[in-house]
Amino acid sequence: MKASLKFLVVPLAVGALIFAGCGSNDSSDDSSSTDTTTTQSQPADNSSASGQVLQLAADPSGALAYDTTELSAKPGKVTLDFTNESPVGHNVVIEDSGGKEIASTDVITGQSTTAEFTVKPGTYTFFCSIPGHEQAGMKGTLTVK
Ligand SMILES: [Cu+2]
């Protein structure tokens with residue numbers, strides 16, 4: 001009889017653990033609703049993370065040229081990452097189709113810089129505003145669609 005009592009006690013103890021588990025499940029339900037809130041904030045993070053980075057570099061040898069004359073982006077926030085490893089100072093100016101400047105970087109040499117701006121569908125131009133550079137070919141088109 002004593003042995004069978006022990007067998008009875010064990011299921012009771014397990015039952016108590018299950019109840020305790022249910023209790024902690026209730027509190028974890030609270031935290032999972034917090035998780036839901038966190039999940040809801042993640043799309044916002046993702047939308048900012050989906051902010052695009054456009055890479056543009058000046059010719060590293062010092063030629064008056066960028067490494068591309070064609071950039072493309074989706075509508076929204078854009079971060080332009082401009083690198084100029086050459087000893088010749090350059091910058092990047094972005095203008096919309098109406099010729100209005102929407103962004104510009106510092107004039108840099110031997111380093112990188114960024115400019116942030118927001119674009120709508122359309123065609124933009126980018127160029128270096130150092131006198132003579134755009135005319136020499138430091139210009140291109142940014143297509144947004
Ligand atoms: Cu330049």
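Structure: above.
Position numbers for residues start from 1 in each chain and track the written sequence from start to end. Where local features are concerned, this predicted model is filtered to residues with pLDDT of at least 70; where side-chain atom pairs are given and counted, the filter is 80 or more; whole-chain, interface and lining totals use all residues. To get the side-chain values, take all heavy atoms of the structure and skip hydrogens and water.

A. Quick look at the overall build of the chain. Secondary structure follows DSSP: runs of H or I at least 4 residues long count as helices, runs of E at least 2 residues long count as strands, and numbering of each begins at the N terminus. The secondary structure content of the chain amounts to two helices and eight strands. Traced from its N-terminal end to its C-terminal end, the chain shows the element sequence α-β-β-β-β-β-β-β-α-β. Evaluated residue by residue, the chain yields a buried proportion of 26% over its 145 residues. Excluding contacts between residues fewer than 6 apart, the proportion of contacts in the chain whose partners are at least 24 apart in sequence is 61%. In these tables, accessible area is a Shrake-Rupley quantity obtained with a 1.4 Å probe, and a residue counts as shielded only by the protein chains included in the view. If you sum the accessible surface of the chain, you get close to 9000 Å²; carbon and sulfur atoms cover 57% of it. Remark: exposure states derive from per-residue accessible area (1.4 Å probe, protein chains only) relative to the maximum for the residue type, with buried under 20%, exposed over 50%, and partly exposed in between. Contacts are residue-level and defined by heavy atoms, with any inter-residue pair within 4.5 Å sufficient.

B. Main features of the sheet that holds strand β7 (residues 122-127). Spatially, β2-β8-β7-β4-β5 is the arrangement adopted by the five strands of the open sheet, whose pairing is mixed. Here the strands that pair on one side only, and so sit at the sheet edges, are β2 (70-73) and β5 (101-104). Mean inter-strand twist for the sheet, computed between neighbouring axes without regard to direction, equals 25°. Between any two strands, at least two bridges found by DSSP are needed for them to pair. Sheet analysis places β2 next to strand β8 (residues 139-144), joined by four bridges and oriented parallel. Directly across from S72, in β8, lies its bridge partner T143. What counts as an axis is a line fitted to C-alpha atoms, over the stretch in contact for a helix, and the angles between N-to-C directions run from 0 to 180 degrees.

C. View of the coordination of the copper ion. Only H90 (ND1), C128 (SG), H133 (ND1) and M138 (SD) from the protein reach the copper ion as donors, at distances of 1.9 to 2.8 Å. Think of the donor list as every N, O and S atom within 2.8 Å of the metal, or within 3.2 Å for Na, K and Ca; water never makes the list, so a site can look incomplete. Donor angles set the geometry label: tetrahedral for four donors if every angle is between 85 and 135 degrees, square planar for four and octahedral for six if opposite donors exceed 155 degrees and the others are between 65 and 115, irregular for anything else. Geometry at the copper ion is irregular, judged from its four donor atoms and the angles of 78 to 136° they form at the metal. Sequence spacing among the residues donating to the copper ion works out to H-x37-C-x4-H-x4-M. The same class applies to H133 as to M138, namely buried.

D. The pairing of β7, seen in detail. Judged from the three bridges that link them, strand β4 (residues 93-95) and β7 form a sheet pairing that is antiparallel. Bridge assignment links I94 to a residue of β7, and that residue is F126. Taken together, the six bridges between β7 and β8 define a ladder with antiparallel strand orientation. Each residue of the ladder has a partner; that of F126, found in β8, is G140.

E. Representation of the nonpolar core in the model. In plain words, nonpolar cores are sets of buried Ala, Val, Leu, Ile, Met, Phe, Trp, Tyr and Cys residues tied together by side-chain atoms within 4.5 Å. Ranked by size, the top nonpolar core spans 21 residues in total, and within it I94 and L142 carry the most contacts. At the level of secondary structure, the elements contributing two or more residues to this core comprise β1 (52-57), β2, β3 (76-84), β6 (111-119), β7 and β8. Counting residues per element, this core draws most heavily on β3, which supplies three residues. Setting aside anything within four residues of it in sequence, one finds I94 in contact with L80, K100, E101, I102, A103, F117, Y124, T125, F126 and L142.

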